[in-house]
Amino acid sequence: MSFAAVLDELPLAKAPSVRHFERLLSPASDDQLEELARQSRALTLQNFGRTMRLFAPLYLSNECINNCSYCGFSRDNPILRVTLEVEQVVAEAQHLAAQGFRQILLVAGEHPKFVSSTYLADCVRALNSKFSSIAIEVGPMETKEYVPVVAAGAEALVVYQETYDRATYAEMHTSGPKRDFNWRLDCPVRGYEAGFRRIGVGALFGLAEWRSEAIALAAHVDYLLKCCWQAQISVSLPRLRPAAGGFQPRFSMTDRELAQLICALRITFPQVGIVLSTRERASLRDALVPLGVTMMSAGSHTEPGGYTRQGTENLHRTIRGRIVAPEFENGSDQLATGQFEISDDRAPAEIARVLRGSGLEPVWKDWDQALLAP
Ligand code: SF4
């Protein structure tokens with residue numbers, strides 16, 4: 001049975017683990033929340049030790065053929081765009097490697113002409129010797145298109161459903177191939193069939209009511225754990241941030257609710273990775289870290305070329321998908337536009353120092369991969 005069928009049946013039939021998860025999300029008193037946090041901390045320690053994997057996103061391109069109401073890269077936003085050449089990607093990656101990163105997430109908007117399977121495979125191949133773990137977060141592809149990317153050395157696929165509510169999804173995705181809800185929903189399984197051995201899923205909190213999203217996300221995790229049993233599954237819980245286009249979140253999710261969600265996920269799925277990005281502010285990230293988070297981004301830029309000012313000579317502005325002159329403003333506008341504003345802008349070394357101060361060892365390298373390497 002596909003996950004689309006499971007999702008559509010969810011109001012009537014939930015797996016026992018998802019029912020348990022739903023109970024853990026019920027409004028909780030301070031004492032109840034403290035108890036959830038205690039269990040979550042203990043399970044995280046038991047399953048992941050005192051470690052925190054650190055990774056950095058590397059944006060390859062902000063070209064996109066979709067219009068997603070909440071995203072700065074939407075096709076109709078008149079922003080500065082670029083797709084980095086492979087050598088420029090390598091230059092960005094060298095900067096990240098010099099900071100200590102050995103785990104990298106390649107991110108791009110959805111534009112098959114610029115970000116093809118061949119281009120991705122070339123980028124991965126060029127970075128493979130420097131990084132122990134390469135993940136991709138790009139527009140969904142066919143299994144056969146993922147195969148060369150896996151063969152080039154990518155081991156993880158990240159694809160967020162954004163919202164599991166079909167009506168909200170249709171409203172938010174106004175044009176482009178992303179409108180196909182089921183095509184995106186099935187993407188993790190296609191990636192698994194192509195050979196990815198880490199699969200990341202998530203919802204973008206702020207588009208629909210958070211508890212319903214979380215329950216659907218938990219059902220997705222439960223499904224993937226059974227169907228993609230050789231893969232490590234991880235979950236991201238991004239909350240909407242300001243972006244070009246000025247979209248405002250429709251539903252709130254408080255810090256306390258985010259903390260409860262992390263605990264509920266950890267207690268229900270003890271071995272699933274939980275990712276926390278720089279969308280959240282530094283003080284909140286520091287507070288959430290011991291609860292169940294296992295992977296954090298650090299020092300992130302969300303604009304292609306943002307680490308070392310690569311690609312500036314190829315910048316162009318598009319209006320409704322058509323290229324027009326860049327129209328630089330007082331020389332201040334000469335980097336590609338970012339996807340959204342980050343909140344925790346501390347340097348990676350500073351984040352590593354804070355983690356050590358809380359008794360956690362920052363892990364820059366994916367030792368699983370390193371030990372398995374021939
Ligand atoms: S969310 Fe992804 S697909 Fe949608 S506009 Fe942004 S980059 Fe494009």
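Residues numbered from 1 in each chain as written. Predicted model: local features only at pLDDT ≥ 70, side-chain atom pairs only at ≥ 80, totals over all residues. Heavy atoms only, no water.

A.B. asks: Help me understand the pattern of salt bridges, please; the structure alone is not making it clear to me.
C.D. replies: Side chains that differ in sign of charge can pair as their charged atoms come close. One pass over the structure, following the stated rule, counts 19 salt bridges. Linking D255 and R239 is a salt bridge whose minimum nitrogen-to-oxygen distance equals 2.8 Å. You can see D255 sitting in helix α11 (residues 255-268) and its partner R239 sitting in the loop between β9 (232-236) and α11, a full 16 residues away along the chain. Residues R353 and E350 are paired through a salt bridge, measuring 3.1 Å at the closest nitrogen-oxygen approach. One end of the pair, R353, and the other, E350, are both in helix α13 (residues 348-357), 3 residues apart, so they sit about a helical turn from each other. For E350, a relative accessible area of 30% translates into the label partly exposed. Taken together, the shared-partner salt bridges connect R239, D255, E280 and R281 into one network. (Salt bridge = Lys/Arg side-chain N within 4 Å of Asp/Glu carboxyl O. Helix = DSSP H or I, 4+ residues; strand = E, 2+ residues; numbered from the N terminus. Buried < 20%, exposed > 50% of the residue type's maximum accessible area, 1.4 Å probe, protein only.)

A.B. asks: I tried to follow the sheet that holds strand β13 (residues 322-324) on my own but got confused; where do I start?
C.D. replies: By definition, the strands of a sheet pair up through backbone hydrogen bonds, in either a parallel or an antiparallel sense. Judged by pairing direction, the sheet is antiparallel, and its 3 strands sit side by side in the order β3-β12-β13 without closing on themselves. Looking at strand neighbours, the two that pair on one side only are β3 (80-81) and β13, the edges of this open sheet. For strand β12 (residues 316-319) and β13, the ladder comprises 3 bridges, and the chain directions are antiparallel. Along β13, the bridge assignment pairs R317 with V324. (Pairing = 2+ DSSP bridges.)

A.B. asks: Can you help me understand the site of the ligand in this one?
C.D. replies: Around the ligand, a shell composed of C64, N66, C68, Y70, C71, F73, S74, G109, K178 and Q339 is seen. In terms of residue class, the shell around the ligand is made up of 5 nonpolar, 4 polar and 1 charged. (Near = heavy atom within 4 Å. Nonpolar A, V, L, I, M, F, W, Y, C, P; charged D, E, K, R; others polar.)

A.B. asks: Before we go on, may I ask you to explain the pairing of β12 in this structure?
C.D. replies: Each regular strand shows side chains that alternate between the opposite faces of the sheet. In this structure, β3 lies alongside β12, joined through 2 bridges in antiparallel fashion. Counterpart to R81 in the pairing with β12 is H316. Between the antiparallel neighbours β12 and β13 lie 2 residues, among them R320 with a positive phi of about 50°.

A.B. asks: Just checking my understanding: could you explain the state of the cysteines for this structure?
C.D. replies: Note on terminology: a disulfide is the covalent bond linking the sulfur atoms of two cysteines. Tallied over the full model, the rule gives 0 disulfides. No disulfide involves C187; its nearest neighbouring cysteine sulfur is the one of C228, lying 11 Å away. (Disulfide = S-S within 2.5 Å.)

A.B. asks: What is the right way to read the nonpolar core from this model?
C.D. replies: Counting 103 residues, the largest nonpolar core has L106, L237 and L261 as its most contacted members. Top contributing element to this core by residue count: helix α10 (residues 210-227), with 10 residues. Not counting residues up to four positions away in its chain, the partners in contact with L261 are F21, L25, F205, W210, A214, L237 and M253. Grouped together as the second largest cluster of nonpolar side chains are 22 residues, L105, Y160, M172 and V275 included. (Core = buried A, V, L, I, M, F, W, Y, C linked by side-chain atoms within 4.5 Å. Contact = heavy atoms within 4.5 Å.)

A.B. asks: How should I be thinking about the side chain of Q88 in this particular structure?
C.D. replies: Mapping Q88 onto the fold places it in helix α4 (residues 86-98). Once residues within four sequence positions are removed from consideration, Q88 is found in contact with T83, Q310, G311, E313 and N314.

A.B. asks: What exactly am I supposed to notice about the environment of Q260 here?
C.D. replies: As for its position among the elements, Q260 is in helix α11. Residues contacting Q260, with those up to four places away along its chain left out, are L24, L25, S26, A28, L33, L36 and R211.

A.B. asks: Could you clarify how one ought to interpret the packing of α11 against helix α12 (residues 282-292) in this entry?
C.D. replies: Helices that pack against each other are described as a pair by the angle of their axes relative to one another and the distance between those axes. Across the interface, α11 lies against α12 with an axial gap of 9 Å and an inter-helix angle of 20°. Judged on the interaxial angle alone, α12 and α11 are roughly parallel. Relative to α12, the crossing made by α11 is right-handed. Counting all contacts with α11, which are made through D255, L258, A259, I262, C263 and R266, the residues of α12 involved are L284, L288, L291 and G292. (Axes fitted to C-alpha atoms, helices over the stretch in contact; angles between N-to-C directions. Parallel < 35°, antiparallel > 145°, perpendicular 65-115°, else oblique. Left-handed = near helix turned anticlockwise from the far one by under 90°.)

A.B. asks: Explain the packing of aromatic side chains here, please?
C.D. replies: Geometrically, a pair of aromatic rings is defined through the distance of the ring centres and the angle of the planes. Within this structure, the stated rule accounts for 7 aromatic pairs. Considering the side-chain rings of F3 and Y164, the 6.4 Å spacing of their centres and the 90° angle between planes classify their relative orientation as edge-to-face. One end of the pair, F3, is in helix α1 (residues 3-9); the other, Y164, is in the loop between β6 (156-158) and α7 (166-172), and 161 residues separate them in sequence. Residue class for F3 comes out buried when judged on its relative accessible area of 2%. Joined through ring pairs, the aromatic side chains of F3, Y164 and Y223 make up one cluster. The side chain of R190 reaches across the aromatic face of W183, ending 3.5 Å from its centre. Taking the ring centre of F340 as reference, the NZ or CZ of R279 above it sits at 3.8 Å. (Phe/Tyr/Trp six-rings, centres within 6.5 Å; stacked < 30°, edge-to-face > 60°. Lys NZ or Arg CZ within 6 Å of the ring centre and 35° of its normal.)

A.B. asks: Sorry if this is basic, but what is going on with unusual backbone geometry here?
C.D. replies: Negative phi characterises most residues that are not glycine, and trans characterises most peptide bonds. Residues other than glycine seldom take positive phi values, yet E162 does so here, at roughly 75°. Among the structural elements, E162 can be located in the loop between β6 and α7. For E162, a relative accessible area of 9% translates into the label buried. Even without glycine at this site, R309 takes up a positive phi of about 55°. Within the secondary structure, R309 sits in the loop between β11 (295-297) and β12.

A.B. asks: Any chance you could explain the environment of L315 here in plain terms?
C.D. replies: Along the chain, the position of L315 falls in the loop between β11 and β12. Each C-alpha atom, one on L315 and one on C228, is 40 Å from the other, the two residues being 87 residues apart in sequence.

A.B. asks: Could you clarify how one ought to interpret the pairing of strand β4 (residues 103-108) in this entry?
C.D. replies: Counting buried positions along β4 yields 6 of 6 residues, so the element is predominantly enclosed. Burial along β4 is two-sided: Q103, L105 and V107 and I104, L106 and A108, pointing in opposite directions, are all buried. Bridge analysis of strand β1 (residues 51-61) against β4 gives 5 bridges, and the strand direction is parallel. Bridging from a neighbouring strand, L58 pairs with L106 of β4. For β4 and strand β5 (residues 133-137), the ladder comprises 5 bridges, and the chain directions are parallel. Residue Q103 lies in a different strand from β5, and its bridge partner there is S133. As for the winding sense of the linkage, the β-α-β connection from β4 through helix α5 (residues 117-127) to β5 is right-handed. (Right-handed = clockwise from strand over helix to strand, strands pointing away.)

All quantities given are derived from atomic positions and should not be read as evidence of function.
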